[in-house]
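Topology and contacts: notes
Okay, here's what each chain looks like letter by letter:
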Amino acid sequence: MKSLYNKIILLLFLAFLLAPLAFWQITNFPTKTGPVEITIEPKTITAIEEPAEELPALIPPIIEPTVTPEETITLEELASPEETVTPEEPAQAEPAFIEERWVIHEVKPGDTLSTIFSSQEIGTTALYAVINSGKEGKQIERTLKPGQKLLLRFKEGTGELDLLIHEVNLVKSVQFDINAGSAITTVLEKDVEKRIVTASGTITSSLFLDGQKAGLSDRTIVEMAGLFNFDIDFAREIQPGDYFSVIYEAKYIDGEFFGNGSILAAEFINTGKSFRVVRFERDGAVDYYNEKGQSRKKTFTRTPVNFARISSKFTKSRYHPVLKRWRSHKGVDYAAKTGTPVLATGNGSVKIIQKQRGYGKVIYLQHGKKYTTVYAHLSRFKSGLKKGHKVKQGEVIGYVGSTGLATGPHLHYEFRINDKHVDPLSHKLPAADPIKGDKMAQFKKVAAPLLQQLDQLKAPVIAGQP
Ligand SMILES: [Zn+2]
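What counts as what
- Residues numbered from 1 in each chain as written.
- Predicted model: local features only at pLDDT ≥ 70, side-chain atom pairs only at ≥ 80, totals over all residues.
- Heavy atoms only, no water.
- UniProt positions renumbered as here; feature names shortened; annotations may be inferred.
- Donors = N, O, S within 2.8 Å, 3.2 Å for Na, K, Ca; no water.
- Helix = DSSP H or I, 4+ residues; strand = E, 2+ residues; numbered from the N terminus.
- Buried < 20%, exposed > 50% of the residue type's maximum accessible area, 1.4 Å probe, protein only.
- Salt bridge = Lys/Arg side-chain N within 4 Å of Asp/Glu carboxyl O.
- Core = buried A, V, L, I, M, F, W, Y, C linked by side-chain atoms within 4.5 Å.

Going by the annotation in an unreviewed UniProt entry, the name recorded for the protein chain is Metalloendopeptidase-like membrane protein, with Solemya velum gill symbiont given as the source organism. Its UniProt record gives the protein chain a comment under Subcellular location (unreviewed entry), which states: "Cell envelope". Its UniProt record gives the protein chain a comment under Cofactor (unreviewed entry), which states: "Zn(2+)".

See below:
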């Protein structure tokens, strides 16, 4: 009798101890399983029938799932016989009436529409309705990419899928209205609003840092530098006190910044010399031109090696370190690590590609009838490059080395006009493809207001104001 009494006391004591623990577990584990499910109050749903522009407002806030289905712990598992604790009411009572329900599914690698649908317990009727809904339906499997979102709406009452929205990207979504085994598709495109913005600054440390300080994105800084790389060597020639200004497009979707667009015009003043470019579309091709309507692109780029330093300039006479005598240096030497790519400075064809005594491995490029460029002391040629092959400006033709008469790895570069050596650093390079004829009036119309705006940006700087 006494032992039974003791057992009851012990059991009650245990139950008393375990009760708060079990309760803590129940309240701390999500009771819902599967991906994010959001139920929207009926009054918000009315907006869904509205046109495309209303879409963003409809998208329910994204709630990150805190557990994956595998990790989900059910109430049954929590309530073991010893812990005879059950919530007073079941946590998830089956609602008598099925409300309209939205599910946002983020596409994961390996997902297909069919696996997503089956994970949501959507029948094949709806799947075929989507797939057979014409062009957009056919494309959905192919355009489904990890990170995209699928918005699924389940009908009030029956709980069947009646709307699927595939967010293809920030701008485009495809909507499938599913009804009785078929689907009607609508492509929704948000308007991208372009605002014209400006930025300007003076170089104090680097184009990158000063560009960022002026509010430019990294991408815009790189693009801006690219617009002047035929005139300015940013690695070598940039100076404190140099000035830049840029007029560019900023893209907005639903009033929210979405990214930078094209540069419309820009100016760079390098050691007092101004370079200005304006964006202009000619015969469907967009390019940048100077005030005179000459393409910013030159027949030749300034330098055949990026990230190099000039170790020897073009001179009429210098002491040759290997030959140990004075002689003229008919080119420019670029010191760079062995293996640094060497780029063709202009479009042309391979005239000579061989090993010579002084030059070592050398390439001569012929550009039209007039111009020849020479690249010497290469460690190796670009594989497969042969005499007579055509090369494009900026194309890798070989790699820096120290073959031939060279003290260390460097590129010896020559620029010849009608076989006469000229200094590639000071020679005025010919401009490519200027705007002519009736296109010129069109160009001036585009350029005038932009150039005026560049002047206005520059005015306080010129006046010496901050
Ligand atoms: Zn040299």
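Structure's up, so let's keep going.
A word on the coordination of the zinc ion
Within the protein, the atoms that donate to the zinc ion are His329 (NE2), Asp333 (OD) and His412 (ND1), at distances of 1.9 to 2.2 Å. The sequence pattern formed by the donor residues of the zinc ion is H-x3-D-x78-H. Here Asp333 is found in strand E15 (residues 332–335), whereas its partner His412 is found in strand E23 (residues 410–417), with 79 residues between them in sequence. A relative accessible area of 5% means that Asp333 is categorised as buried.

Some points on the pattern of salt bridges
On inspection of all chains with the given rule, the structure shows 15 salt bridges. A salt bridge links Glu223 to Arg219; its shortest N-O distance comes to 3.0 Å. Linking Glu223 with Arg219, this pair stays in helix H9 (residues 218–228), spanning 4 residues, or about one helical turn. Judged by its relative accessible area of 47%, Arg219 is partly exposed. Note that Arg296 is salt-bridged to Asp287, the shortest N-O span being 3.5 Å. Residue Arg296 is classed as buried on the basis of its relative accessible area, which comes to 16%.

Points about the nonpolar core
Ile363, Leu365, Tyr375, Ile397, Leu411 and Phe415 are the most contacted members of the largest nonpolar core, which has 24 residues in total. Taken together, the elements giving at least two residues each to this core come down to E15, strand E17 (348–356), strand E18 (360–367), strand E19 (371–378) and E23. In terms of residue count, E23 provides more of this core than any other element does, 4 residues in total. Phe117, Ile122, Leu127 and Ala129 belong to the second-largest nonpolar core, a separate cluster that totals 21 residues.

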